[in-house]
Amino acid sequence: MKINVKHLIKAARVIAACALGIALCFGLYYLFDYVWNGSFLDWFDKYFMVTHNPDYSGQGTKIIVREPAWYKVKILLLTVLCVNIVAWLLIVFTASFVSSKARMKKTITAASGMVHRYMSGETEAAEVFPKEYAELSAELAEVKSTMQRHEQIMKEETARKNDLIAYLAHDLKTPLTSVIGYLSLMDEAPDMPAAQKTKYMKITLDKALRLEKLINEFFDITRYNLQQIDLEKEQIDLYYMLVQMTDEFYPLLQDHGNEVVLESAEDLKLWGDPAKLARVFNNILKNAIAYSEPDTAIVVRAESAGQDIGISFSNAGKTIPEQKLNAIFDKFFRLDEARATNTGGAGLGLAIAKEIVTLHGGTITAESREGITTFQVTLPAGQVQ
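Read on for an overview of the structure.

Scoring rules and cut-offs
Residues numbered from 1 in each chain as written. Predicted model: local features only at pLDDT ≥ 70, side-chain atom pairs only at ≥ 80, totals over all residues. Heavy atoms only, no water. Pairing = 2+ DSSP bridges. Helix = DSSP H or I, 4+ residues; strand = E, 2+ residues; numbered from the N terminus. Axes fitted to C-alpha atoms, helices over the stretch in contact; angles between N-to-C directions. Contact = heavy atoms within 4.5 Å. Patch = residues over 30% accessible without salt bridge, like charges linked within 9 Å, V, L, I, M, F, W, Y side chains within 5 Å. Areas by Shrake-Rupley, 256 points an atom, 1.4 Å probe, with all protein chains shown as cover. Salt bridge = Lys/Arg side-chain N within 4 Å of Asp/Glu carboxyl O. Polar contact = N/O pair within 3.5 Å; in protein donor to acceptor, adjacent residues only side chain to side chain. Buried < 20%, exposed > 50% of the residue type's maximum accessible area, 1.4 Å probe, protein only. Phe/Tyr/Trp six-rings, centres within 6.5 Å; stacked < 30°, edge-to-face > 60°. Core = buried A, V, L, I, M, F, W, Y, C linked by side-chain atoms within 4.5 Å.

Let us now look at the sheet that holds strand E8 (residues 363-369). Strands sit in the order E4-E6-E7-E9-E8 across an open sheet of five strands; the sheet is mixed. A strand with exactly one partner marks an edge of an open sheet, and here the two such strands are strand E4 (259-264) and E8. Averaged over all neighbouring strand pairs, the angle between strand axes comes to 15°, with direction disregarded. Of the strands in this sheet, E4, strand E6 (297-305) and strand E7 (308-316) touch helix H7 (residues 238-248), which is tilted by about 175° from E4. Contacting E4, E6, E7, E8 and strand E9 (372-380), helix H9 (residues 274-291) crosses the sheet at an angle of about 20° to E7.

On the surface, a cluster of nonpolar side chains totalling about 460 Å² of accessible area is made up of Leu78, Leu81, Ile85, Trp88 and Leu89. In this fold, Trp88 is placed in helix H3 (residues 70-120).

Let us now look at the side chain of Asp273. Note on placement: Asp273 falls in the loop between strand E5 (269-272) and H9. In terms of polar contacts, Asp273 uses its side chain to reach the backbone amide nitrogen of Ala275, at 3.1 Å. For Asp273, the side chain forms a polar contact with the main-chain nitrogen of Lys276, separated by 3.2 Å. Once you skip the residues sitting within four places of it in the chain, Asp273 turns out to touch Asp230, Leu231, Glu232, Lys233, Ile236 and His360.

It is worth spelling out unusual backbone geometry at this point. For Asp295, which is not a glycine, the phi torsion comes out positive at approximately 60°. In this structure Asp295 comes out as exposed when scored by relative accessible area, which is 66%.

This next bit is on the packing of aromatic side chains. Considering all chains together, one arrives at two aromatic pairs under this definition. Between Tyr182 and Tyr200, the ring centres sit 5.1 Å apart and the planes meet at 55°, which makes this aromatic pair tilted. Of this pair, Tyr182 sits in helix H5 (residues 134-188) while Tyr200 sits in helix H6 (residues 194-222), and the two are 18 residues apart along the sequence. Relative accessible area serves as the criterion here: at 24%, Tyr182 is assigned to the partly exposed category. With centroids separated by 6.0 Å and ring planes inclined at 35°, the aromatic side chains of Phe281 and Phe313 adopt a geometry described as tilted. Of this pair, Phe281 sits in helix H9 while Phe313 is found in strand E7, placing the two residues 32 residues apart along the sequence. You'll find Phe281 and Phe313 in the same group, each marked buried.

Right, let's talk about the nonpolar core for a bit. Counting residues in each nonpolar core, the largest one holds 37 residues, and the members touching the most others are Leu238, Phe281, Ile284, Leu285, Ile311, Phe313 and Leu379. Secondary structure elements with two or more residues in this core: H7, H9, E6, E7, helix H11 (349-359), E8 and E9. Broken down by element, this core gets its largest block of residues, seven residues, from H9. Residues within four places of Leu238 in sequence aside, it is in contact with Leu268, Leu270, Phe281, Ala302, Ile309 and Ile311. In this structure, Met114, Phe129, Tyr133 and Leu140 belong to the second largest nonpolar core, which totals eight residues.

A few words on the pattern of salt bridges. One pass over the full model with this rule turns up five salt bridges. Measuring nitrogen to oxygen at the nearest pair gives 3.6 Å for the salt bridge that ties Lys269 to Asp237. Of this pair, Lys269 sits in strand E5 while Asp237 sits in strand E3 (residues 234-237), placing them 32 residues apart in sequence. Accessibility expressed as a relative area gives 38% for Lys269, which makes it partly exposed. Across the pair Asp273 and Lys276 runs a salt bridge whose closest N-O atoms are separated by 3.7 Å. Residue class for Asp273 comes out buried when judged on its relative accessible area of 3%.

Set out below in structure tokens:
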């Protein structure tokens, strides 16, 4: 037969409480009967005894009778009983409170030790927590799993960031070396033919622009902190913004043989930060140009959808695999892993675009099917209260 220790402890406490009550009664009896015997009798005689002179002989003879005033005695006994009960309850309550506090402290200490052991080690929850802690162990298991996932994400992100910084730092040398080399050639040969000088100047300009792009990406990585993005919202003429953006990308579109087809009503208005949203649209359009097939159209469509406005960018190119499409908005993710190409950016453009759209209360998604990739941005049309 298995002995339940907890039940034994409870029974011992009940017996101890009863013994304490009995001891209290005997203590009071001893106090009144032996210690305060004379004083108690005098007090009792004074307040609870009465004298009678009844005629018991029938001949006028009076006998003095001294007897208790039973009504007062009953009140006294009731008062003593109530006081004893209250005193006993106070003692039991105090003992229970002290015991409960001690048990709680012990339980908290034990739970703290188990939590520390579980969270700081690789031990399974079932091996650390007893059955009565099942709910706590389940919650902690979920918390630990989440922390481990976040830690792994942070490690992977840091590793990607460090790799990209190393790649960019290495890549900075290539265009810089070319710029210095061609400028040195022109400096050493001032009578160089005009055609050759023009050729060298164009190469130098291309390398300098590439160097500028790499430096901008380098700074984006080192100071990237999305929590510092502050919005300054106002009403935006969306149609004019998209037209202006198309004009700014005209040289790049010409070089790649692309054109932008804009489909939008001219009266579309949008509430947001114009500079930040311009960066969103620029990043998406730049991405569309980089990954589109030459001599194809990039369709930019803006339309009202109830309380929102949808802006989509569609380009023809290679279908993006599903696993890459799911990570396309992650920081430092690049579709083109080749670090030395024009499409090998830092992988921050779409991540920053997503954060800006989210801060505006909107959404941004991407889909790629049958050679057509579409980025869809949905933003509130009016001011969000």
